[in-house]
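Letter by letter, the chains look like this.
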Amino acid sequence: MPGTTPIYGFPYPEPSDLVANYPALGQELAEDIEAVLPTLGGLTLIDDESFSAVASISLNNVFSATYQNYFITMTGTASANTDLVCRMRASGSDQSGSVYDRGTFACSTTTLAFYSGASSSTVGIQSAIYSANRINAVINVFDPFTASTQTNLLFTMNSQSYFTGFGRCTSTTQFDGITFFPNTGTITGRLRVYGLKGV
Amino acid sequence: MMILEKWSDTGERVERDRTPDEQVQYEADVAAAEAAASEAAAKAAADAAATIAAIAHAKSLGFTDAMIAVMYPNLGGNNG
């Protein structure tokens, strides 16, 4: 007689069981695992997109009611020395207007600077991407899909220099997407978006 | 230059040109970035000039490079 695991109740054949006597056991186990996985805490990959020489990359329907907060990684290169910026997105359109605030610490091995901007038209993730250097960025997005709240971002990036800071969209629109783009030229790389379960 | 738009729920992926509205926004973004860069460069130049003037003034009062470096470390006081 098959047993079940103590925590999630996954079925399994006992040593004395003949598997042939329980032909549905494998499928039952697979379906139970599939049902449990989305309920577990941690990162859940929502989108994984590679891009080549694009002037911007927009993800639609990447934020939803399933998760409150998100974790984004971006790796890549730029065609020119420029800034990497982002805008929130709803129903296929970027949130334009002077609704973005930003504060960024930029440091190298010898210098430290702070850049800030209120009521800007974009959130500046990084004040300079140098084409000779890779982009390695992590961006946390908080409450994008929560109506009547601002969307907050925390980001860290390493390219020519090391950047860390915050961004905020003061519009309380329910956002389901995000756009990243360099101020000039194109970017090539990979973007991954994870939902944070239990966070 | 092409832009990439993707729908994460369906996997649909489109590389396309900007729409007229998007092109208008892009041109405004470029202008804003250029203005910000000019403003930053002007501030950097003004800060550098102010630093030079501050060091010159300190020296006119008889302070040496070493004294300036100790009292005002952020000035980078060996510009004499």
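The rules we used
- Residues numbered from 1 in each chain as written.
- Chains lettered and ligands numbered in written order.
- Predicted model: local features only at pLDDT ≥ 70, side-chain atom pairs only at ≥ 80, totals over all residues.
- Heavy atoms only, no water.
- Helix = DSSP H or I, 4+ residues; strand = E, 2+ residues; numbered from the N terminus.
- Rg over C-alpha atoms; globule rule 2.2 N^0.38 Å.
- Buried < 20%, exposed > 50% of the residue type's maximum accessible area, 1.4 Å probe, protein only.
- Contact = heavy atoms within 4.5 Å.
- Areas by Shrake-Rupley, 256 points an atom, 1.4 Å probe, with all protein chains shown as cover.
- Lys, Arg positive; Asp, Glu negative; His and termini not counted.
- Charge placed at Lys NZ, Arg CZ, Asp CG, Glu CD.
- Buried area = accessible area lost by both parts, 1.4 Å probe.
- Salt bridge = Lys/Arg side-chain N within 4 Å of Asp/Glu carboxyl O.
- Polar contact = N/O pair within 3.5 Å; in protein donor to acceptor, adjacent residues only side chain to side chain.
- Nonpolar A, V, L, I, M, F, W, Y, C, P; charged D, E, K, R; others polar.
- Pairing = 2+ DSSP bridges.
- Core = buried A, V, L, I, M, F, W, Y, C linked by side-chain atoms within 4.5 Å.
- pLDDT = per-residue confidence, 0-100.
- Phe/Tyr/Trp six-rings, centres within 6.5 Å; stacked < 30°, edge-to-face > 60°.
- Lys NZ or Arg CZ within 6 Å of the ring centre and 35° of its normal.

A short note on the overall build of chain A
In step 1: If you tally the helices and strands in chain A, you get 1 helix and 15 strands.
In step 2: By the compact-globule yardstick of 16 Å for 199 residues, chain A is too spread out, its C-alpha radius of gyration being 22 Å.
In step 3: Dimensions of chain A, computed from C-alpha atoms along their principal axes, come out at roughly 70 × 40 × 30 Å.
In step 4: Out of the 199 residues in chain A, the part that is buried amounts to 42%.
In step 5: Nonlocal contacts in chain A, meaning residues at least 24 apart in sequence, comprise 68% of its contacts between residues at least 6 apart.
In step 6: Split by element, the accessible area of chain A, about 9400 Å² in all, is 54% carbon and sulfur.
In step 7: Of the charged side chains in chain A, 8 are positive and 14 negative; the average position of the first set lies 17 Å away from that of the second.

Remarks on the interface of chain A and chain B
In step 1: Across the contact, 24 residues belong to chain A and 17 residues belong to chain B.
In step 2: Each partner contributes to the roughly 1600 Å² buried at the junction of chain A and chain B, and carbon and sulfur atoms together form 42% of this total.
In step 3: At the junction of chain A and chain B, the tally comes to 5 salt bridges.
In step 4: The partner of A:Arg87 in a salt bridge is B:Asp29, with the nearest N and O atoms 2.6 Å apart.
In step 5: At the boundary of chain A with chain B, the tally comes to 15 residue pairs in polar contact (both at pLDDT 80 or more).
In step 6: Among the secondary structure elements, those contributing two or more residues to the side of chain A that touches chain B are strand 3 (42-54), strand 4 (56-60) and strand 6 (82-90) of chain A.
In step 7: Taken together, the residues that form the side of chain A that touches chain B break down as 8 nonpolar, 11 polar and 5 charged.
In step 8: Examined bridge by bridge, strand 4 of chain A and strand 1 (residues 3-7) of chain B share 5 bridges and lie parallel to one another.

Notes on unusual backbone geometry
Excluding glycine, residues mostly carry a negative phi; peptide bonds, for their part, are mostly trans.
All names here are of chain A.
In step 1: Phi is positive for Ala-53, close to 50°, though the residue is something other than glycine.
In step 2: Located in the positive-phi region is Ser-91, a residue other than glycine, with phi close to 50°.
In step 3: Summarising the element assignment, Ser-91 is placed in the loop between strand 6 and strand 7 (93-94).

Comments concerning the nonpolar core
In step 1: Counting 35 residues, the largest nonpolar core has A:Phe63, A:Ile72, A:Val141, A:Ile178 and A:Phe180 as its most contacted members.
In step 2: Once you skip the residues sitting within four places of it in the chain, A:Phe63 turns out to touch A:Tyr70, A:Ile72, A:Met88, A:Val141, A:Pro144, A:Phe145, A:Phe175, A:Asp176, A:Gly177, A:Ile178 and A:Val193.

Observations concerning the environment of A:Phe63
In step 1: For A:Phe63, the position within the fold is in the loop between strand 4 and strand 5 (69-78).
In step 2: Sequence-wise, A:Phe63 and A:Asp176 are 113 residues apart; in three dimensions their C-alpha atoms are separated by 4.4 Å.

Comments concerning the confidence of the model for chain B
All names here are of chain B.
In step 1: Residue-level pLDDT values for chain B average 86, and 92% of them are 70 or greater.
In step 2: When mean pLDDT is compared element by element in chain B, strand 1 scores highest at 97, while helix 1 (residues 20-60) scores lowest at 87.
In step 3: Here the predicted complex carries an ipTM of 0.77, next to a pTM of 0.77.

Observations regarding the pattern of salt bridges
In step 1: The full count for this structure, using the stated rule, is 14 salt bridges over all chains.
In step 2: Notably, a salt bridge pairs B:Lys6 with A:Glu49, separated by 2.9 Å at the nearest N-O pair. With B:Lys6 in strand 1 and A:Glu49 in strand 3, the pair connects residues from two separate chains. In this structure, B:Lys6 and A:Glu49 share a single accessibility class: buried.
In step 3: Salt-bridge contacts for B:Asp65 lead to B:Lys59; the nearest nitrogen and oxygen are separated by 2.6 Å.
In step 4: Accessibility expressed as a relative area gives 25% for B:Asp65, which makes it partly exposed.
In step 5: One network of salt bridges, in which partners are shared, links A:Asp47, A:Glu49, B:Lys6, B:Arg13 and B:Glu15.

Focus on the packing of aromatic side chains
In step 1: Overall, the coordinates contain 5 aromatic pairs over all chains when judged by the stated rule.
In step 2: Through a chain of ring-to-ring contacts, three or more aromatic side chains come together here, namely A:Phe63, A:Tyr67 and A:Tyr70.
In step 3: Over the face of the ring belonging to B:Tyr26 we find B:Arg18, whose NZ or CZ atom lies 3.7 Å from the ring centre.

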